[in-house]
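Observations on chain architecture
Single-letter residue listing:
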Amino acid sequence: MGEQLRILSEQLEDLRRQRDAAHARNELLDQQLAAVRTELEHQQSQRASEREELQTHLRAIENRSLAEVDRARQALQQLENSKAIQARQHLKESAALIQARQQAEQTSAEALRELAVQAALSRAHAEQLERLNDFSEQLRAAIAASTTSSKTRTKSRRKVEKAAR
């Protein structure tokens, strides 16, 4: 029994050493677990801070993008308004040009009609002047003939009067 007691005592000592080693391993594992948890918390806190910074940065980018989109929309609206104004102005100018062209065509047609009237009057006046020239020549010829026959008659009368005396 002594032998058994010694064996049991050795086993008990061995179990105590195993227990102490297990406790030491357990404490070491607890320390490692605490360190891992601390590191995890630190990393989670760091990741949360990074996420917050990224979200802040993302919101800033979104705000700038939205502001740029708004500016682009305003610029587009201004361009569309300017285009509409230019289109209206172009239509007004086109209408004014069409009206001016029609007025010019009307004035030209009136001028052509007046020119035709003046040309007809000119031809009529030329014909009248030609007839007057012809009449003037006929009148001169008649006067010349009358003067000649009047001189001949006067000479004949004088001769007759001399003979009658």
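Keep in mind it's a predicted model, so treat the numbers as computed, not measured.

A word on the overall build of the chain. From N to C terminus, the chain includes one helix and zero strands. Taken over 165 residues, the chain has a buried fraction of 0%. Summing over all exposed atoms, the chain offers an accessible surface of approximately 15,200 Å²; the carbon and sulfur share of this is 56%.

It is worth spelling out a negative patch on the surface at this point. A contiguous patch of negative charge on the surface is contributed by E127, E130, D134 and E137. Relative to the assigned elements, E130 resides in helix α1 (residues 2-164).

On to the pattern of salt bridges, then. Opposite charge on two side chains permits pairing when their charged atoms draw close. Scanning all chains against the criterion turns up seven salt bridges. Here R6 and E3 are joined by a salt bridge, their closest N and O atoms 2.3 Å apart. Of this pair, R6 and E3 both sit in helix α1, three residues apart, roughly one helical turn. Look at E3 and you get partly exposed, because its relative accessible area is 45%.

Conventions and cut-offs
Residues numbered from 1 in each chain as written. Predicted model: local features only at pLDDT ≥ 70, side-chain atom pairs only at ≥ 80, totals over all residues. Heavy atoms only, no water. Helix = DSSP H or I, 4+ residues; strand = E, 2+ residues; numbered from the N terminus. Buried < 20%, exposed > 50% of the residue type's maximum accessible area, 1.4 Å probe, protein only. Areas by Shrake-Rupley, 256 points an atom, 1.4 Å probe, with all protein chains shown as cover. Patch = residues over 30% accessible without salt bridge, like charges linked within 9 Å, V, L, I, M, F, W, Y side chains within 5 Å. Salt bridge = Lys/Arg side-chain N within 4 Å of Asp/Glu carboxyl O. Lys, Arg positive; Asp, Glu negative; His and termini not counted. Charge placed at Lys NZ, Arg CZ, Asp CG, Glu CD.

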